[in-house]
Each structure stands twice: as structure tokens, then as C-alpha cells.
Amino acid sequence: MATKRDAILNGIGRAAELHAELGLKAKLGTGDRAINVLGALKFFNIATLFRPLEGLLGAYVPTPRSAGVLITTLRDHHVQRFTAAHELGHHVLEHRTVSLDTKVGFVARGEKEGYDYQEQEADAFAAEFLLPKWLLAAHARRQGWTREHLKRADVVYQLSLRIGASFSSTCWALAGADFLSRSEASALADLPPKASKQRALNDVTPESWRPDVWLLSERDRGAQLLGSPEDYLVFDLEEHDAGGYEWDVEPMPSAGLSIRKDERREASGNPSAFGANVRRHVVAQGQRLAVQRLTLEERRPWETATQALNTFEVDLALLGKEPVGLPRRERMLAA
Ligand SMILES: [Zn+2]
């Protein structure tokens, strides 16, 4: 007879196979973005619909040729992504029965009795599909985070944003991947992300603590930011001030970002060939749905025709949760 342990191992194994089938390790190995779970549902021709489900996070309904999936619009995009991965799990694990899911995620793993074998299998699949060890490691490598760094709430919070998962899911995934002990993960998961947001914003006070706060540096060059429309982006970029170079922040407003603070800070370290450096510190907040590439250039203001000394670009996907209807990407393609 199958045990909870078998279910978890099977779910993890199937997620790893799917990473290979979809070539995700090769695509995401640089740690520049999160797993595209809606794309995976699309790959299996699973009809996906978002609805304001009461008392239900999601549902999986097998059909003769594939399946249908429903996901609630009443929760944030991190919960929607985990639910989507759970429903995808039912499909790829060949659970050919209807599943009505009132809870999904790492929390469900704690249930000892009375929790269905298939649900545990789908949860294990979802956690491994969205937060595999290789992806956690890829993001840590890009950011220069060591094991010691990953014990800090502020670092784990920034990792959770980049990986498109909730703070607590990220804590548990780090434990599953042996970056943290279970007691370290449990202590971290209890900490409110608000404190990390507060430290990241420093002396800028937001109107609400709901938006996320991204700390962005050179290491995020080329990354995709899967966030919400009102998220804060805190840029911290080296600027060759003594050489007369400065970052042109003019593209921010047209990308839907309003600048809340813009200053230069002393940088530590040796001056480069272009003169003593400072850090350009810009706090910007999103004001609307933004899906576009933001490109910033560091140049001498009087040399607009020449090539920039440095560029910094990020793909903004500040869309927040999926609204009622088909997945946004599919609607955009249909339009
Ligand atoms: Zn389920």
C-alpha cells in the first residue's frame, strides 16, 4: 500500500521529469526568472479558467482528451501559481478524478491523517515544480547568496519574489533543498515579510505594506520581474560619477514607474578607471499594469549620441493576480 512518503517521492519525481521534458533547467539555469506554470498548463492543452471561487482555491476536472482547471481570483498571484501547479500535478500524475481543492501547498504536507494520497502527491509535485533545488541555487548563484545569506529573512524574501512564490513556501522549499534546517525554516516562516519590506524601503514610507519591495542591482540585469502593479522597485546601481556619467532614469515614468526617491550614496571599494564611484539609489513604485522592458543607460548627459557606458534592463511583468477569465497571456494572443 502506498504511503505518504511514496506519494511525496512520486510527486517530486514527476516534477523533475517535467522540468527535463520542458527543457526548463536549460532555460532558467541563469536564475533570471520564475517557472511559467500557466505555460505548462497550456503545453498539456489544459483549459484554464480564473473564477472568484468561494471556499475553494482551485479545481481539476479530467476530460476525455485532456482536462479543465479552475483557479480562484480571490487570492494573490503567488497562491494562484501554487494552485495552478497543484492542478497541473493532478494532470501529469494521471489522477483521473475530479479534485476540489480547499487547500494546497506546503502547509497541507503537515496533515497526518485523513489527507488524500493524491492531494499529497499533487502538493509535492507543485512544490518541486515551482521551487526545485536547482532553481533556488540558480537564483542564489546569480545574486551571490551563500548558505549563510539564505538564513536571513531579507534574503529569503528577495528570493521568494524572484521565484514567484510566497515567503513561507520559499522558506519550506529551502528546508526541502537542505539549505535550511526544518527549525530554521519554521522560525523564518513565522517572520512577517513587512519587516523585510521596511528595511528594503529604508526611509521611504509606503501608503500600504501590501505591495512587494524588490531590491535590484547589477545582478538583476536581464531578469524578469513577476510582480504586482503597485510594487516598489529599489534600484541600486554603480555610477561612475567622477567621470561625469550618470544613470538616465527618464525611461521609468514611461514604463509606469513613479520615482519616490533618487539619491547618490558613497560606494565602498576602489575607484575604477572611470573615477571614484557612487551608488545611484532610486526608489520607484509601479502605478499600473506594466509588461514591458525597462532599459536604463549610464552616460554623460552631454554625450547623448554616443554609446552608453553601461545599460541595465529588466523585463517588467507587474501584472499581479490573474483576473476573471482565461489566462491573460491567452487572451492577449486571441485579441
Ligand atoms: Zn488537489
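Given the structure is predicted, the values throughout are model-derived calculations rather than measurements.

Engineer: Run through the sheet that holds strand 7 (residues 232-239), naming residues and quoting values.
Structural biologist: The strand order across the open sheet built from 4 strands is 5-7-10-9, with neighbouring strands paired in mixed fashion. Edge positions in the sheet fall to strand 5 (213-216) and strand 9 (257-266), since each of these pairs with one other strand and no more. Going across the sheet, the axis of each strand differs from the next one's by a mean of 15 degrees, ignoring polarity. Note that strand 9 and strand 10 (residues 278-286) share 9 bridges and pair antiparallel. Each bridged residue has a counterpart across the sheet, and for L257 the counterpart in strand 10 is G286. In the packing of helix 11 (residues 193-201) onto the sheet, the strands contacted are strand 5, strand 7 and strand 10, and the crossing angle to strand 5 comes to about 45 degrees.

Engineer: I'd love a proper account of the packing of helix 8 (residues 153-163) against helix 11, names of residues and values included.
Structural biologist: Packing of helix 8 against helix 11 brings their axes to within 9 Å, and their N-to-C directions diverge by 95 degrees. With respect to helix 11, the element helix 8 is oriented roughly perpendicular. Residues A153, D154 and Y157 of helix 8 pack against P193, S196, K197 and R199 of helix 11. In terms of residue class, the contact of helix 8 with helix 11 is made up of 3 nonpolar, 1 polar and 3 charged.

Engineer: Residue-level account of the domain arrangement of the protein chain, with values.
Structural biologist: How large an interface is tends to be reported as the accessible area lost when its parts come together. Along its sequence, the protein chain is carved into domain 1 (4-130), domain 2 (134-191) and domain 3 (198-318). The interface is formed by 6 residues belonging to domain 1 together with 8 residues belonging to domain 3. Surface buried jointly by domain 1 and domain 3 totals about 490 Å² across both partners, of which 45% is contributed by carbon and sulfur atoms. When residues of domain 1 are sorted by the area they lose upon contact with domain 3, D32, R33 and H77 head the list and together hold 77% of the total. Taken together, the links from domain 1 to domain 3 amount to 1 residue pair in polar contact (both at pLDDT 80 or more). Each residue belonging to the side of domain 1 that touches domain 3 can be placed in one class, and the counts come to 1 nonpolar, 2 polar and 3 charged.

Parameters at a glance
- Residues numbered from 1 in each chain as written.
- Predicted model: local features only at pLDDT ≥ 70, side-chain atom pairs only at ≥ 80, totals over all residues.
- Heavy atoms only, no water.
- Pairing = 2+ DSSP bridges.
- Helix = DSSP H or I, 4+ residues; strand = E, 2+ residues; numbered from the N terminus.
- Axes fitted to C-alpha atoms, helices over the stretch in contact; angles between N-to-C directions.
- Contact = heavy atoms within 4.5 Å.
- Parallel < 35°, antiparallel > 145°, perpendicular 65-115°, else oblique.
- Nonpolar A, V, L, I, M, F, W, Y, C, P; charged D, E, K, R; others polar.
- Domains from an automatic or database assignment.
- Buried area = accessible area lost by both parts, 1.4 Å probe.
- Polar contact = N/O pair within 3.5 Å; in protein donor to acceptor, adjacent residues only side chain to side chain.

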